[in-house]
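# Fold and contact review
Read off the chains here:
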Amino acid sequence: TFYRSPGAAIAAAPEQLAYVVAYDPAGEAKDALAVVDCDSSSSSYGRVVGWSEFPTAGNELHHFGWNACSSALCHDGHDGHAERRYLVVPGIRSSNTYVLDTKPDPRNPVLAHTIEADELASKAGYSRPHTVHCGPGGIFMSALGGPNGDDGPGGVALLDHDTFAVVGSWEKDRGPQQFAYDVWWHLNHDTAITSEWGSPSMIEDGLNPEDLLGRRFGHHLNFWSLSEGKLTQ
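Let me sum up the structure you'll find in this document. Residue numbering note: each chain is counted from 1, following its sequence as written. Under the rules for a predicted model, residues below a pLDDT of 70 receive no local features and side-chain atom pairs below 80 are neither given nor counted, while totals for whole chains, interfaces and linings still include all residues. Hydrogens and water are ignored here; the side-chain numbers use all heavy atoms of the structure.

Here a helix means four or more residues in a row that DSSP labels H or I, a strand means two or more in a row labelled E, and each is numbered from the N terminus. Secondary structure assignment for the protein chain yields four helices and 16 strands. Note on classification: 1.4 Å probe, protein chains only; a residue is buried when its accessible area is under 20% of the maximum for its type, exposed when over 50%, partly exposed between these limits. Residues classed as buried in the protein chain amount to 51% of the 233 residues present. Residues are treated as being in contact if the distance between any of their heavy atoms lies within 4.5 Å. For the protein chain, restricting intrachain contacts to residue pairs at least 6 apart in sequence, the fraction spanning at least 24 positions comes to 50%. Surface exposure here means Shrake-Rupley accessible area, sampled with a 1.4 Å probe, where a residue is shielded only by the protein chains that are shown. Accessible area of the protein chain: about 11,100 Å², with a carbon and sulfur share of 49%.

Have a look at this one:
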């Protein structure tokens, strides 16, 4: 029996398809990406029409995203030529990130690249990748933990749009920011906004009521200079 990860993303795909991450809670079967037919005129409407297994189990696949979008295509160096074909799928438990190519057969994406946990830790200083957004200057991937899976600070790793290599941490001056969760931006105002959740120790082994009652989870919105990676408010 497979389950969709709580809060995990569903990505729209070509040919009226949707991609949904699936995992075995027991960690025995390999994680997978299910492909669902969303064409209401199709005889297989609402059914799983494709299934791509990952090489390992227990990754807890989470908020994945595309390698290219309008925010990416408008920045210098791409000139509208980056192709929206790769899904970047982080494992919040394993800290591995998988890149799947949907172009050869949208119903059967194939693994094209793996970003190992060690690369994310050594180049960006992060672990527990959570959310992926393609953006100006690279692919933004938020992460909850520090390099050894510890309590951080969490932040945003920057990936290369084309090679998927880890460029480094996006932040240049984080100030007092400690917790991470999601990231987005307003390009015209050169502003990025990050939200907060909690550290790995606060979420991986079940809820500690003292963390909740003590308001220890993150509860700020953090505003940044998008071009400078500097916390402003």
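Once that is clear, we can look at unusual backbone geometry. At the junction of Gly152 and Pro153, the peptide bond is cis and its omega measures out at 15° in the coordinates. Along the chain, Pro153 turns up in the loop between β10 (138-145) and β11 (155-159). In this structure, Arg128 takes a positive phi of about 55° despite not being glycine. Along the chain, the position of Arg128 falls in strand β9 (residues 127-135).

For Ser95, the location among the structural elements is in the loop between β6 (86-90) and β7 (97-101). Residue Ser95 is classed as buried on the basis of its relative accessible area, which comes to 3%. By the criterion applied in these results, polar contacts are pairs of N or O atoms within 3.5 Å in which, for protein atoms, one can donate a hydrogen and the other can accept it, and in which residues neighboring in sequence qualify only through two side-chain atoms. A distance of 2.9 Å separates a polar side-chain atom of Ser95 from the backbone nitrogen of Arg128. Not counting residues up to four positions away in its chain, the partners in contact with Ser95 are Ile115, Glu116, Ala117, Leu120, Ser127, Arg128 and Pro129.

Bringing the environment of Asn222 into the picture now. Turning to its location among the elements, Asn222 is positioned in strand β15 (residues 222-225). Placed 42 residues apart in sequence, Asn222 and Ala180 show a C-alpha to C-alpha distance of 9.5 Å. Excluding its chain neighbours within four sequence positions, the residues that come into contact with Asn222 are Gln177, Ala192, Ile193, Thr194, Glu196, Leu231 and Gln233. One polar contact links Asn222 to Glu196, side chain to side chain, over a distance of 3.1 Å.

Any Lys or Arg side-chain nitrogen found within 4 Å of a carboxyl oxygen on Asp or Glu counts as a salt bridge. By the definition in use, this model includes eight salt bridges. Residues Asp101 and Arg85 are paired through a salt bridge, measuring 2.5 Å at the closest nitrogen-oxygen approach. On the criterion of sequence distance, the pair formed by Asp101 in strand β7 and Arg85 in the loop between α1 (70-73) and β6 is long-range, its members being 16 residues apart. Asp101 sits in the buried class, given a relative accessible area of 8%. For the salt bridge of Glu119 with Lys123, the shortest nitrogen-to-oxygen distance reads 3.2 Å. A residue pair is termed a helical-turn pair when its members lie 3 or 4 positions apart in one helix, as Glu119 and Lys123 do in helix α2 (residues 117-124) at four residues. On the basis of relative accessible area, Glu119 is assigned to the buried category, the value being 18%. Assessed through its relative accessible area of 43%, Lys123 is described here as partly exposed. A cluster of three or more residues bridged by salt bridges with shared partners is formed by Glu83, Arg85, Asp101 and Lys103.

Moving on to the pairing of strand β13 (residues 183-186). Here β13 shows one buried face, formed by Val183 and Trp185, and one open face, formed by Trp184 and His186. Pairing between two strands requires that DSSP report at least two bridges joining them. Here β13 pairs with strand β14 (residues 191-194) via four bridges, running antiparallel. Residue Val183 lies in a different strand from β14, and its bridge partner there is Thr194. Here β13 folds back onto β14 in antiparallel fashion, the turn holding four residues, of which Asp190 has a positive phi close to 50°.

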